[in-house]
Structure formats: structure tokens, C-alpha cells
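Below are the chains, spelled out letter by letter.
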Amino acid sequence: MAKKKIALIGGGQIGGNLALLAVQKGLGDVILFDIPAAEGLVKGKALDINQLAAVDGYDCRVTGSTNWADCAGADVVIITAGVPRKPGMSREDLLEINLKIIKDVAGNLKQHCPGAFVINVANPLDAMVFALQKITGFKKNMVVGMAGVLDTSRFKCFVAEALGCSIADIEALVLGGHGDDMVPVLRTATVGGVPLTSLLPKEKLDAIVDRTRKGGGELVALYKTGSAYFAPASSSIAMAEAFLNDRKRVMPAAALCEGEYGISGLFFGVPVTIGAGGVEKVHQIELNAEEKAMMDKSLASVSKTVSEVKL
Ligand SMILES: NC(=O)c1ccc[n+]([C@@H]2O[C@H](COP(=O)([O-])OP(=O)(O)OC[C@H]3O[C@@H](n4cnc5c(N)ncnc54)[C@H](O)[C@@H]3O)[C@@H](O)[C@H]2O)c1
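Residues numbered from 1 in each chain as written. Predicted model: local features only at pLDDT ≥ 70, side-chain atom pairs only at ≥ 80, totals over all residues. Heavy atoms only, no water.

## Comments concerning the overall build of the protein
Tallying secondary structure elements over the protein gives 9 helices and 14 strands in all. For 311 residues, the compact-globule formula gives about 19 Å, and the C-alpha radius of gyration of the protein, at 19 Å, lands near that figure. Principal-axis analysis of the C-alpha atoms places the extent of the protein at approximately 50 × 45 × 40 Å. Counting only residues that meet the buried cut, the protein has 53% of its 311 residues in that class. If you take every contact in the protein between residues at least 6 apart in sequence, the share linking residues at least 24 apart comes to 69%. For the protein, the computed accessible surface area is about 13,500 Å², with 55% contributed by carbon and sulfur atoms. On the protein, the mean spot of the 33 positive side-chain charges and the mean spot of the 33 negative ones are 2 Å from each other. (Helix = DSSP H or I, 4+ residues; strand = E, 2+ residues; numbered from the N terminus. Rg over C-alpha atoms; globule rule 2.2 N^0.38 Å. Buried < 20%, exposed > 50% of the residue type's maximum accessible area, 1.4 Å probe, protein only. Contact = heavy atoms within 4.5 Å. Areas by Shrake-Rupley, 256 points an atom, 1.4 Å probe, with all protein chains shown as cover. Lys, Arg positive; Asp, Glu negative; His and termini not counted. Charge placed at Lys NZ, Arg CZ, Asp CG, Glu CD.)

This is the structure in C-alpha cells:
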């Protein structure tokens, strides 16, 4: 069987890490695509990663490219083309500049990669994936936004630190939009099957929720020149891998809701199954009044940003 093809649109901080992880996990051959001004960057990263491949014997290859034709026939596309935040900025501050970029990317994807499973990473996440799907007209199961896997991973990281337990034993879910009012669902979180709410006092749990919500900003303040890239890359690769290997993994992602959770026509962070059919199912869980109120607040933020998207 021929190797799968993964087109990474944007070869910056996240894009470079995506290429490395895709090769290390043997997911397929990679096209690391960027604009002509970044040709040296993507060709250099491709060469560097291909030279690393010999050390551990990886057989997948990376090609740096500024030619959309090289992305043709990709099985998976991951979009990180866009500007990251700088200290003091919100994700929504990126709307104008990144909308221009996503319009360019979406037009080219429609032409060159009509059959791909497309994972958007660029911010503001929920609005960008909305624009992407509207412009491409791709089926709703083949377009998704990466946020919940990362936000849940951050939540688990802080819980593991607080409890001194293995992060592998934590099960948790962060829903809602990829903004500071995202919704970590404490009620369903467990550690090795034990309810998290019985393991930590309320003030510690509240602090973890708060730090998770501001998790992206914490990294922006530390890096100063951009935003997080290692964990966002791993999170996106987990989604790509679920599709390529038909894993049927259940993970939170920004999916097009058509009635689920009372939401219509918006991409929003909900639990989904990802397998060979892309987003195969959106799962509806019962939320209590407090969780529902948090979802509504988050939805209002996403709706406001989407209302500013002019296509
Ligand atoms: N969803 C998430 O959880 C999450 C997490 C972190 C960052 N992000 C977002 O991901 C995006 C990328 O972050 P980064 O740190 O990799 O940024 P970066 O600046 O390092 O890389 C972005 C790359 O996109 C390229 N680019 C710009 N316009 C393009 C176009 N039209 N076509 C192709 N490539 C183009 C740039 O040349 C650059 O190399 C940002 O918008 C950031 O806010 C999202």
C-alpha cells in the first residue's frame, strides 16, 4: 500500500513540529508548505528532518514546498498558516489578519485537496474553521478544528502536577470554544476511575480550571514572540492519526454542530469520534445547569467572533 500523504499548510513553529512528529510516527510522507517568502524555512526544515530520519530509521520523507500542486492528493491537511498571538493579544485580535490567510488557503484546498481530512489549528480557532468550511464547501465530517485535545491535555497536566499522579490515569474533557471561557467539565473527570472532585478541594479545582482557560496566554507571556507549539502539534497529530488509522478515538474537537447542544451552523468544541470517516459522530452528553450556563457563555463569544467573519 502506498504511503499516506500529509500536507502541512504553514511551516512555522507548529508546522515544523508537525512534520517531525508525522515522520517519527510513520504516518506518511509530508509536504511542508508555506508562502514563497518562507521557502528557505520549509526546505531547510524538510532537509533537517530527513537527515534525522537516518538516525532512527524513519522511512517517511518531508518535502518543503511553496507550490500548491505539491499538496495535491493529500489524505490529511493540517493548517497552521496564520499569525500567532503576542503578549497582550487575544485570539480574537488575530481575526482580521488570519481571515485573509485562511481565505487564500481555503481557495487552494478546494482546488488541490478536495478529498482530504482537514484539521485547522489557526486562531481564532472556531471562527477560522467556520470560514474554512464555508469557503471550501467540504463535507462537515471532513473539516474540524483542533483545540479540545490541547485544552484537555493542559487540564490533565495541571491535575497530574497537583495530585502527583500519573497523567496517563487522568480522564477529562474540555468543551466549548477555544477561548478563555472554554468549559472544563469537572464533574466527569476521573483519575484511575476515581472522581476528580473527591481528590482535590474546590479551591484547587477552581485554580486548575482558571489556569487551563488561560493556558494559551501563559505560554504567550513566557515565549513573548509567539504562542505554544509543542503541545499544539502533538494534539493535532493525535487527531490526524485517529483518522489515518481509523482509530475511532473519542476526543473533543471543534465540529460543525447542527442541532447538537442546541447549536446550529457553528463549529464548537464537542466530543466527537474520529475515524476513517473523519468526524464520524458528535456525542451529546447531559450537562447540568452550571455547565450549560458556561457552554452558553462560551458559545456567545464564538458567535460574536463568527458574526465578524466577512467571506
Ligand atoms: N488551535 C490551537 O490550540 C492553537 C495553539 C497554538 C497556536 N495556534 C495558532 O496556530 C497558528 C500558527 O502558529 P505558529 O506558532 O506555528 O505560527 P508561526 O508564525 O510560527 O507559523 C505560521 C506560518 O504560516 C505561514 N503562512 C502565512 N500565510 C500563509 C499562507 N497564506 N499560506 C501558507 N502559509 C502561510 C507563515 O509564513 C509562517 O511560517 C497561529 O494562528 C496560532 O494562533 C493554535
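## Brief notes about the side chain of Glu-291
Positionally, Glu-291 belongs in helix α9 (residues 289-307). The exposure class assigned to Glu-291 is buried, which follows from its relative accessible area of 5%. Setting aside chain neighbours within four positions, we find Glu-291 in contact with Val-183, Val-185, Arg-187 and Glu-286.

## Digging into the packing of aromatic side chains
Aromatic rings in a pair are described by how distant their centres are and how their planes are angled relative to each other. Scanning all chains against the criterion turns up 4 aromatic pairs. Here the aromatic rings of Phe-117 and Phe-243 are separated by 4.6 Å at their centres, their planes lie at 20 degrees, and the arrangement is stacked. With a gap of 126 residues between them, Phe-117 in strand β5 (residues 117-120) and Phe-243 in helix α8 (residues 230-244) connect regions that are remote in the sequence. Side by side, Phe-117 and Phe-243 carry an identical accessibility label, which is buried. Between Tyr-223 and Tyr-229 the ring centres are 5.2 Å apart and the planes differ by 20 degrees, which places this aromatic pair in the stacked class. For Tyr-223, a relative accessible area of 31% translates into the label partly exposed. Residue Tyr-229 is classed as buried on the basis of its relative accessible area of 16%. Ring-pair connections join several aromatic residues into one group, and the members of that group are Tyr-223, Tyr-229 and Phe-230. (Phe/Tyr/Trp six-rings, centres within 6.5 Å; stacked < 30°, edge-to-face > 60°.)

## Examining the nonpolar core
Within the largest apolar cluster, 92 residues are counted, with the highest numbers of intra-cluster contacts made by Ile-9, Val-77, Ile-78, Ile-79, Leu-109, Ile-119 and Met-239. Among the elements that make up this core, the one with the highest residue count is α8 (8 residues). If sequence neighbours within four positions are ignored, Ile-119 has contacts with Val-76, Val-77, Ile-78, Ile-79, Val-144, Met-146, Ser-236, Met-239 and Ala-240. In this structure, Ala-172, Leu-200, Leu-205 and Val-209 belong to the second largest nonpolar core, which totals 16 residues. (Core = buried A, V, L, I, M, F, W, Y, C linked by side-chain atoms within 4.5 Å.)

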